[in-house]
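Secondary and tertiary structure notes
Residue strings, one per chain:
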Amino acid sequence: MNYDFKTGIELVKLCDAEDIKISEVMIRREMDISETAREDVIAEMRSSLHVMRESSEKGLTEKVQSVSRLSGGEAMKLYSYADAEPLSGSHTCKAAAAAMAVVEVNAAMGRIVAAPTAGASGILPGVLLETGKARNWSDDQLIEGLFCAGAVGMLFAKNATISGAAGGCQAETGVAAAISAAALVEISGGSPMQCLDAAAIAIKNIEGLVCDPVAGLVECPCIKRNAMGAANAMLSADMALCGITSLIPFDEVVVSMYNVGRDIRPEYRETSKGGLAATPTAKLIASGIKRMNGRRDD
Ligand code: SF4
């Protein structure tokens, strides 16, 4: 059997044909393509999970600070606050904090797993690890979630884009939220179609979001967008799990997101020439950093 797929519909058909989950299709596809044994494919993903856990724990327990000194320490702040009956719920706050932690570690030159990019690397570990803690999910379950996320992420990469420079932040934090929502649904026992519904709901919520990093650094607004992406993923997963569907099918949502991305002007695609990056405060920050770098070069 050929486990390759190009669209969400093809992926669901493969699942239905053998009554298997999205993660299982992805594992078999990886085994075929890389001609690798199942244990090795899974071991590779286990090591990604390990790095994700390490980066999230580091950002939640150590006061990391970025080289620019623009970020660091806010993930810890939100995580401690999460126990004080926050308005958005303790679990949402913890997942958002864990998502921020990973991107803070990235900004401090630490090791992370791009999911799908460094700028959006917090959402998937944030929601999976924190929900895993709350629900006692095993590492094996989390690994299945990562394979599911990988399969859905591949659909975005093939049929749209996962690059902020090509399609705006919707392609980074939006896709990260979408693949995280799919993973949460699969581990929670939802069907493959529900996984795609969750992903579609998440990306629709963020379609058109621009990429406008202040001073060209993956810190502001990236870190807080990871927090929001975690909340987006969790609510999208809950909507799909309770039986809410996406009126526009997943594959069409992906194409629409790509078309919107192509229409986003270059100023809003990672050039730091528009949006938040073009505000007076951002310009001051950027010139301060330039001066600091100039002094370092002297
Ligand atoms: S704003 Fe740009 S650099 Fe930051 S996470 Fe979004 S796409 Fe990535």
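Everything discussed here concerns the structure shown above.
Residues numbered from 1 in each chain as written. Predicted model: local features only at pLDDT ≥ 70, side-chain atom pairs only at ≥ 80, totals over all residues.

1. Some words on the overall build of the protein
Across its full length, the protein holds 13 helices and zero strands. The order of helices and strands in the protein, counted from the N terminus, is α-α-α-α-α-α-α-α-α-α-α-α-α. Against the compact-globule benchmark of 19 Å for 298 residues, the protein has a radius of gyration of 19 Å, which places it among compact chains. Across the 298 residues of the protein, 52% fall into the buried class. Taking the intrachain contacts of the protein between residues at least 6 apart in sequence as the baseline, contacts between residues at least 24 apart amount to 77%. (Helix = DSSP H or I, 4+ residues; strand = E, 2+ residues; numbered from the N terminus. Rg over C-alpha atoms; globule rule 2.2 N^0.38 Å. Buried ≥ 20, exposed ≤ 12 C-beta atoms within 10 Å, placed from the backbone. Contact = placed C-beta atoms within 7 Å.)

2. With respect to the packing of helix α3 (residues 38-61) against helix α6 (residues 123-135)
Each pair of packed helices gets described by two things: the angle between the helix axes and the distance between those axes. Where α3 meets α6, the closest approach of the two axes is 10 Å, and the angle between their N-to-C directions is 85 degrees. Between α3 and α6, the angle is such that the two are roughly perpendicular. Contacts between α3 and α6 involve Met52, Arg53 and Ser56 on the former and, on the latter, Pro125, Gly126 and Leu129. Counted by class, the contact of α3 with α6 contains three nonpolar, two polar and one charged residues. (Axes fitted to C-alpha atoms, helices over the stretch in contact; angles between N-to-C directions. Parallel < 35°, antiparallel > 145°, perpendicular 65-115°, else oblique. Nonpolar A, V, L, I, M, F, W, Y, C, P; charged D, E, K, R; others polar.)

3. Side note on the packing of helix α5 (residues 90-107) against α6
Contact geometry for α5 and α6: axes closest at 7 Å, N-to-C directions at 140 degrees. The angle between the axes of α5 and α6 places the two elements in the oblique class. For the crossing formed where α5 meets α6, the hand is right-handed. Here His91, Lys94, Ala95, Ala96, Ala98, Ala99 and Val102 of α5 lie close against α6, whose contacting residues are Ile123, Pro125, Gly126, Val127, Leu129, Glu130, Thr131 and Ala134. A per-class count over the contact of α5 with α6 returns ten nonpolar, three polar and two charged. (Left-handed = near helix turned anticlockwise from the far one by under 90°.)

4. Quick word on helix α2 (residues 22-34)
The end-to-end C-alpha separation of α2 is 18 Å, in line with the 18 Å expected for 13 residues at 1.5 Å each. Buried within α2 we find Ile22, Ser23, Glu24, Val25, Met26, Ile27, Arg28, Arg29 and Glu30. Where α2 is buried, its residues contact α1 (8-18), α3, α7 (139-159), α9 (173-187) and α10 (192-206). Positive backbone phi, at 50 degrees, marks glutamate 35, one or two positions downstream of α2. (Expected span 1.5 Å × (residues − 1).)

5. Here we look at the nonpolar core
The nonpolar side chains of a soluble globular protein tend to be buried with one another. Of all hydrophobic cores here, the largest spans 97 residues; its most connected members are Ala97, Ala181, Ala182 and Ala199. Per-element tally for this core: the top contributor is α5, with twelve residues. Residues in contact with alanine 181, not counting those within four places in the same chain, are Ala198, Ala199, Ala202, Ala233, Ser236 and Ala237. (Core = buried A, V, L, I, M, F, W, Y, C linked by C-beta atoms within 7 Å.)

6. Thoughts on the environment of tyrosine 81
Mapped onto the fold, tyrosine 81 is located in helix α4 (residues 74-81). Owing to 14 C-beta atoms within 10 Å, tyrosine 81 belongs among the partly exposed residues under this scheme. Between the alpha carbons of tyrosine 81 and glutamate 62 there is a distance of 16 Å; along the sequence they are 19 residues apart. Discounting chain neighbours no more than four positions away, the residues touching tyrosine 81 are Pro86 and Cys93.

7. A look at unusual backbone geometry
With omega at 5 degrees, the peptide bond leading from alanine 115 into proline 116 counts as cis. Looking at the secondary structure, you find proline 116 in the loop between α5 and α6. For arginine 69, which is not glycine, the phi dihedral falls at a positive 70 degrees. By the element assignment, arginine 69 lies in the loop between α3 and α4. C-beta crowding within 10 Å serves as the criterion here: with 11 such atoms nearby, arginine 69 is assigned to the exposed category.

8. Re helix α11 (residues 222-241)
The end-to-end C-alpha distance of α11, which contains 20 residues, comes to 28 Å, matching closely the 28 Å that a straight helix rising 1.5 Å per residue would cover. Across the 20 residues of α11, 14 count as buried, placing the element largely inside the fold.

9. Side note on the environment of alanine 282
Here alanine 282 lies in helix α13 (residues 280-297). Residue alanine 282 is classed as buried on the basis of its 20 C-beta neighbours within 10 Å. With 179 residues separating them in the primary sequence, alanine 282 and valine 103 have C-alpha atoms 19 Å apart.

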